[in-house]
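Summary of the model geometry
What follows is the residue order along each chain.
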Amino acid sequence: MLYEFKLPVIVPQMSGATVECLYSARDDSLRLGSKLMDLSVDLSSAFAQECPPVSFYRLVLREAVYLRQIDVQPGQHCALGDRIALFSTDPSEPIDQETTRQVRYTIAGIIHHDGMWTGSHS
Amino acid sequence: MNGIPLRFGPLASDGYAIVRSGLRWLRESGQFCRAGQPIAYCNVSLEPASVRVGRHHAVADELELQVVFAPRVSGRLTIHPEMARGGYLSIRGVDAWKPDTVLGHIEPDQPVEEGDPGRLRLMVVAGRRMTALADVHSGLLPGWNGRSRGWWCEEGETPVTLLSLGLCDATGVILGEQCAFLEMFEAASDAMQFVFVPDHPVAPCAPVLLDQLTRTPAQFDALAEDLRRFLGTSAVPPTADDWMFAGALLSVLRNTPLKDNYNIISSTGTRRLGPPDAALLSLSAEPQSILRHRTLGYHLHIMRHHQAAAGPAIQAWLSSAFEPVKRSIDVIRQDYEKLIDTLARTTGGRILVLNRMSTSGYEDISNYMAFDAPMSATLSNIAAKEQNLMLHDIAETRELTIIDVDALAAELGAGQHLPDGIHQSGQMQVALRQRILQAMADIRDATPDVRVAGRDH
């Protein structure tokens, strides 16, 4: 079966998120609890103020899958609903089929760290 | 005309005449007005009463100086529209301050118990510009102020002073909707002074405040020279953004708000207040990594969205002249304890701290196995919980007042009232104001001499 990860609403006012770092590469076998990526949500476009609330989140998988395709790089901004990654339950399963559902994941608020795009490139 | 005439009442500055502009209204005729609710304001200036006094009056370094008026009783308001002169005459001083000037009337909505209900409550607000170029005429405390304050007191009272050094979680609570202390003025009838220092360009975390408390003039000269030398020889040509950022940075680093004394003008003339009785900090201002100057040793914490205001040369200076230093929770605790002890020893001031929101509706962690220990190094809510507990540990051995944002947000509903963990709703700000005012009342009660004589610092 094919699963996808489309950027979900993490914070109600967000229109997108920036990929801060990736923890997995194409064809990786990912276990339950594997880190997928860190994202940042910057609400300064939603609220015109001098103190943009920027928050950071980690996506962790809640099921074992194979990462078959990942379409983003650190620093890339994604809009809500953009497909970011594609997974399969079988490593050789063709990926040119309809996806079954969104992959199961956990979202956790995290602290900014040195491996992030923000702070090292912007 | 029916109702109680609302008159200015006395306001004086020793050796100077107070001159005021026309009024600018905050309420209109026919509107209901609460007791203590600001209804109008004007600009004031202090003019030498004789040739023997110079222009360096009590608040000479505060180019923004205004008076806010509020009735002592609630009721229906009728204003005298001719008091608003309009145009520049509502900005520049055009009339002498006269205590018997009447700005309107109020028809009380309940029996009046005040001894002199027609005498307006006055709050004086003053702003020290970050640069004299920030010459803006719009509204209350306009422009870019490096320090702003508002105070009110009756005859025989000495205000207790709270200095706000927090982030956005303190700013809205202290300054209020119009950034001029109006809500605090309405909420507190006791004599008080609120002082606000913004969090830019340097965020007020404990190491930065400790550096300020102990920095000598020679040390300031050294850091200023270091910055001048870098900008003068930098391979990256400084831009206008760099120069403005550098000027703001030096302006902040040369000050020590925790040790400032304050002159006030009042109904009985000029008074001098000592350093703040209390300082309000944000636990959210404490970073887990801070910049330390490689040779001079001082600390900087510039929040990311403020760093973006710097040009390329300042960015290069921050990268080359400073090194990031990790701060464990034990280090943060030690810095807080040192700050509390140093402040108690040097000024007698106490610390109030806004703790951190430690839960979020935007995460859905069902299993922590995926996160490495120590989880407080990764998960922001675990870090917040540990830091909140740290405050209670400190409070067991030192005078520290914790304003429990975390509990209040949980009580009110954080999704509605503190959606990003920092920026509160109006309702939550009202509740936080009440808690801060209660803490200040406790401080006033603990030092009863404050009310009549103030402390001698």
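Above this text you will find the structure in question.
Before going into details, it helps to say that this report is about the structure given with it.

Procedures and definitions
Here the residue numbering is sequential within each chain, running from 1 through the sequence in written order. In the order they appear in the text, chains get letters beginning with A and ligands get numbers beginning with 1. At least 70 in pLDDT is required for a residue's local features to be given in this predicted model, at least 80 for side-chain atom pairs to be given and counted, and no such filter applies to totals for whole chains, interfaces and linings, which use all residues. Note that water and hydrogens are dropped before the side-chain values are worked out from all heavy atoms of the structure. In this text, helices come from DSSP runs of H or I with a minimum length of four residues, and strands from runs of E with a minimum of two, each type numbered from the N-terminal end. A radius of gyration in this sense is built from C-alpha atoms; the matching globule rule multiplies 2.2 Å by the number of residues raised to 0.38. Here's how the labels work: a residue is buried when its accessible area is under 20% of the maximum for its type, exposed when over 50%, partly exposed in between, all with a 1.4 Å probe on protein chains only. Contacts between residues were defined by any pair of non-hydrogen atoms, one from each residue, lying within 4.5 Å. Throughout, buried area stands for the accessible area (probe radius 1.4 Å) lost by two parts on being put together, summed over both. Salt bridges, as used here, are contacts in which a Lys or Arg side-chain nitrogen is within 4 Å of a carboxyl oxygen on Asp or Glu. Whenever a nitrogen or oxygen atom comes within 3.5 Å of another N or O atom, the pair is scored as a polar contact, on the condition that within protein one atom can donate a hydrogen and the other can accept it, and that pairs from neighbouring residues in sequence are kept only if both atoms are in side chains. All amino acids are sorted into three groups, where Ala, Val, Leu, Ile, Met, Phe, Trp, Tyr, Cys and Pro are nonpolar, Asp, Glu, Lys and Arg are charged, and the leftover types, Gly among them, are polar. Two strands are counted as paired when DSSP detects at least two bridges linking them. Throughout, an axis means a line fitted to C-alpha atoms (over the contacting stretch in the case of helices), and angles, computed between N-to-C directions, take values from 0 to 180 degrees. Grid points spaced at 1 Å and placed over the protein atoms alone form the basis of the search, with a cavity being a set where a 1.4 Å probe fits but cannot get out and a pocket an open set showing protein on both sides within 12 Å along at least five of seven lines. Lining residues have an atom within 4 Å of a point. Grid points are joined across faces, edges and corners, and a volume is the space filled by probe spheres set on the points. A helix is expected to span 1.5 Å multiplied by its residue count minus one.

**Remarks on the overall build of chain A**
Check the secondary structure of chain A and you find zero helices and 10 strands. Put simply, chain A runs from its N terminus to its C terminus through helices and strands in the order β-β-β-β-β-β-β-β-β-β. For 122 residues, the compact-globule estimate of 2.2 N^0.38 gives 14 Å, and the C-alpha radius of gyration of chain A, at 15 Å, lies within 12% of that figure. By its C-alpha atoms, chain A is 50 × 25 × 20 Å across when sized along the principal axes. The buried share among the 122 residues of chain A stands at 47%. For chain A, long-range pairs separated by at least 24 residues make up 70% of all intrachain contacts whose partners lie at least 6 apart in sequence.

**Digging into the interface of chain B and chain A**
Taken together, the 22 residues of chain B in the interface contact 26 residues of chain A. Area buried by chain B at its contact with chain A is led by Arg304, His305 and Tyr362 of chain B, which between them contribute 32% of it. Residue Lys326 of chain B is joined to Asp114 of chain A by a salt bridge in which the shortest nitrogen-to-oxygen separation is 3.9 Å. Remark: the boundary between chain B and chain A carries four residue pairs in polar contact (both at pLDDT 80 or more). Of all elements in the fold, only helix H6 (304–307) and helix H9 (380–397) of chain B reach the threshold of two or more residues within the side of chain B that touches chain A. Per element, the largest residue contribution to the side of chain B that touches chain A is three residues, and it comes from H6 of chain B. In terms of residue class, the side of chain B that touches chain A is made up of eight nonpolar, eight polar and six charged.

**Notes on the sheet that holds strand S4 (residues 35–42) of chain A**
Residues and elements named next belong to chain A. Within the open sheet, the five strands sit side by side as S7-S2-S4-S5-S10. Their pairing is antiparallel. The open sheet has two edge strands with one neighbour each: strand S7 (77–79) and strand S10 (105–110). Averaged over all neighbouring strand pairs, the angle between strand axes comes to 35°, with direction disregarded. As paired elements, strand S2 (residues 16–22) and S7 share three bridges and run antiparallel to each other. When the bridges of S7 are listed, Thr18 appears paired with His77.

**Side note on empty space enclosed by the protein**
Residues and elements named next belong to chain B. A full pass over the atoms with the stated rule returns one cavity of 30 Å³ or more. Of the pockets and cavities examined, the largest cavity occupies roughly 170 Å³. Arg121, Leu122, Trp152, Cys153 and Glu154 are the residues nearest the centre of the largest cavity, which is lined by 17 residues in total. Secondary structure elements with two or more residues in the lining of the largest cavity: strand S10 (121–129), strand S11 (145–152) and strand S14 (262–266).

**With respect to H9 of chain B**
Here H9 of chain B spans 27 Å end to end across 18 residues, near enough to the 26 Å set by a 1.5 Å rise per residue. Among the residues making up H9 of chain B, those that are buried are Ser380, Asn381, Ile382, Ala383, Ala384, Gln387, Asn388, Met390, Leu391 and Ile394 of chain B.

**Looking at the sheet that holds strand S1 (residues 2–6) of chain A**
All names here are of chain A. Here we have five strands laid out as an open sheet, ordered S3-S6-S8-S1-S9, and mixed in their pairing. Either end of the sheet is taken by a strand with one partner, and the two such strands are strand S3 (29–30) and strand S9 (101–102). With two bridges joining them, S1 and S9 adopt parallel strand pairing. Note that in S9 the partner of Tyr3 across the bridge is Arg101.

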